[in-house]
Amino acid sequence: MGIEGLNAPSLRLILDRAHAHADDIQTGSVEPTLAGRFICSLFLEDSTRTRLSFETAARRLGAEIIRFDASTSSLSKGESLLDTAQTLIAGGAECLVMRHASSGAPAHLNAGLVRTGHAVPIVNAGDGMHEHPTQALLDVYTLERRLGTVEGKTVAIIGDINRSRVARSLTIALGTLGAHVRHVGPRAFVREGLGVPVFNDPIEGTRGADAVCFLRIQTERTGRAAYLPNTAFRALYSGSREGLIPENAIIMHPGPVNRGVELDAKTLEDPRCVVLDQVANGVPVRMAVLERALLDEWGEA
Ligand code: ASP
């Protein structure tokens, strides 16, 4: 359900498998390890990259993936999520890839399915402000592709960290794998107590970092008290601020980017920017995650 609770060998297993899948994609030799398996994507909150990438990953492994459309389903007639999930499972779904606006929703649904004797693996594709585990995995993977390893490297995460499930999962994953994480942002967006250094001064916070990961202001989750105008944010915390991105640092963003706010067109076209690599890397990473969910012989550490 999350990166929290996965130890370094478990993360390594997924990442190594993803690296192998990427090589197989390159050479056109992907084995259809999930041929004949039936996965359902249950996205109850908007998504472009994550949904597309899970669907591509499932198809590359030979699985059938059906997209459940919440807006035209009986959820809109008041059917509960548990009843909906049981219906999908009764129809043959062997795994649910789930996104939900509420933190803990996949765990809650899993508990209901276990209680009613209908459990199937649920892959968390982002739950509220809690976790976005596959985004963290693909971010680590992207860093490994560029830097060789994340161990001992410094990653500054900058922006609306308090409301970001990406920041939470990535901070845990990088910490588990021995990287140094910094949280950088205005007072309304960052807080102490998460076990990593916090910087309100962005230039100080990104100084010497090997990578800077920018985050969108999560307006859909921002209360009035935490509101910071885009113009003020851009002047201080965006990639276009002179001297904010160290010369050799990798530039990351999970997307969607609000162009001109966190990153401008020039920064997005900078050779150090790996935003589209992150999207591409989501496929081999999610292939590994789907195999972990569905294959009995997955060697868990
Ligand atoms: N796509 C990421 C997420 O679903 C980041 C974002 O929406 O800003 O959390």
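Scroll up a little and you will see the structure.
Described in the following lines is the structure provided in the data block. Because the structure is predicted, anything quoted here is derived from the model rather than measured. (Residues numbered from 1 in each chain as written. Predicted model: local features only at pLDDT ≥ 70, side-chain atom pairs only at ≥ 80, totals over all residues. Heavy atoms only, no water.)

Quick word on the sheet that holds strand 8 (residues 211-214)
Judged by pairing direction, the sheet is parallel, and its 5 strands sit side by side in the order 7-6-5-8-9 without closing on themselves. Strand pairing shows two members of the sheet lacking a second neighbour, strand 7 (198-199) and strand 9 (250-252), which therefore form its edges. (Pairing = 2+ DSSP bridges. Helix = DSSP H or I, 4+ residues; strand = E, 2+ residues; numbered from the N terminus.)

A word on the pairing of strand 5 (residues 154-158)
The buried count for strand 5 comes to 5 of 5 residues, which makes it a mostly enclosed element. Residues Thr154, Ala156 and Ile158 line one face of strand 5 and the alternating positions Val155 and Ile157 line the opposite face, and both faces are buried. When strand 5 meets strand 6 (residues 180-184), the two strands line up parallel, connected through 5 bridges. Among the inter-strand pairings, threonine 154 is bridged to a residue of strand 6, identified as histidine 180. With respect to chirality, the unit in which strand 5 leads through helix 6 (residues 165-176) into the neighbouring parallel strand 6 is right-handed. (Buried < 20%, exposed > 50% of the residue type's maximum accessible area, 1.4 Å probe, protein only. Right-handed = clockwise from strand over helix to strand, strands pointing away.)

Description of the nonpolar core
Core analysis: the biggest nonpolar cluster contains 56 residues, and Ile39, Ile157, Leu174 and Leu290 have the highest contact counts within it. Core analysis: the second largest hydrophobic core is formed by 20 residues, Ile158, Val184, Ala249 and Val261 among them. (Core = buried A, V, L, I, M, F, W, Y, C linked by side-chain atoms within 4.5 Å.)

A short note on the sheet that holds strand 2 (residues 64-68)
The strand order across the open sheet formed by 4 strands is 2-1-3-4, and the pairing between neighbours is parallel. A single partner strand is all that each edge strand has here, and the edge strands are strand 2 and strand 4 (122-127). Adjacent strand axes in the sheet meet at a mean angle of 15°, parallel and antiparallel pairs treated alike. Sheet topology places strand 3 (residues 95-100) next to strand 4; 4 bridges connect them, and they run parallel. Along strand 4, the bridge assignment pairs histidine 100 with aspartate 127. (Axes fitted to C-alpha atoms, helices over the stretch in contact; angles between N-to-C directions.)

Regarding the pairing of strand 8
Side chains Ala211 and Cys213 of strand 8 all project onto a buried face; the interleaved residues Val212 and Phe214 project onto the opposite face, where all are buried too. Pairing of strand 5 with strand 8 involves 4 bridges; the strand directions are parallel. The partner of isoleucine 158 across the bridge, within strand 8, is phenylalanine 214. Bridge count between strand 8 and strand 9: 3 bridges; the pairing is parallel. Bridging from a neighbouring strand, valine 212 pairs with isoleucine 251 of strand 9.

What to know about the packing of helix 3 (residues 81-90) against helix 4 (residues 105-115)
The contact between helix 3 and helix 4 brings their axes to 10 Å, and the two run at 65°. At the point where helix 3 passes helix 4, the crossing takes the right-handed sense. Contacts from Leu81, Leu82, Ala85, Gln86 and Ile89 in helix 3 reach Leu109, Gly112, Leu113 and Arg115 in helix 4. Counted by class, the contact of helix 3 with helix 4 contains 6 nonpolar, 2 polar and 1 charged residues. (Left-handed = near helix turned anticlockwise from the far one by under 90°. Contact = heavy atoms within 4.5 Å. Nonpolar A, V, L, I, M, F, W, Y, C, P; charged D, E, K, R; others polar.)

As for the environment of phenylalanine 43
Relative to the elements of secondary structure, phenylalanine 43 occurs in strand 1 (residues 38-43). For phenylalanine 43, a relative accessible area of 5% translates into the label buried. Along the primary structure phenylalanine 43 and histidine 183 are separated by 140 residues, whereas in three dimensions their C-alpha atoms are 29 Å apart. Ignoring anything within four residues of it in the chain, the contact list for phenylalanine 43 reads Thr50, Arg51, Phe54, Ala70, Val97, Arg99 and Ala125.

Focus: helix 1 (residues 8-27)
For helix 1, built from 20 residues, the straight-helix expectation of 28 Å at 1.5 Å per residue is met to within 8% by its first-to-last C-alpha distance of 29 Å. Along helix 1, the residues that are buried comprise Ser10, Leu11, Ile14, Leu15, Ala18, His19, His21 and Ala22. On the buried face of helix 1, the contacting elements are helix 5 (133-147), helix 6 and helix 10 (275-294). Count one or two residues on from helix 1 and you reach glycine 28, which has phi positive near 70°. (Expected span 1.5 Å × (residues − 1).)

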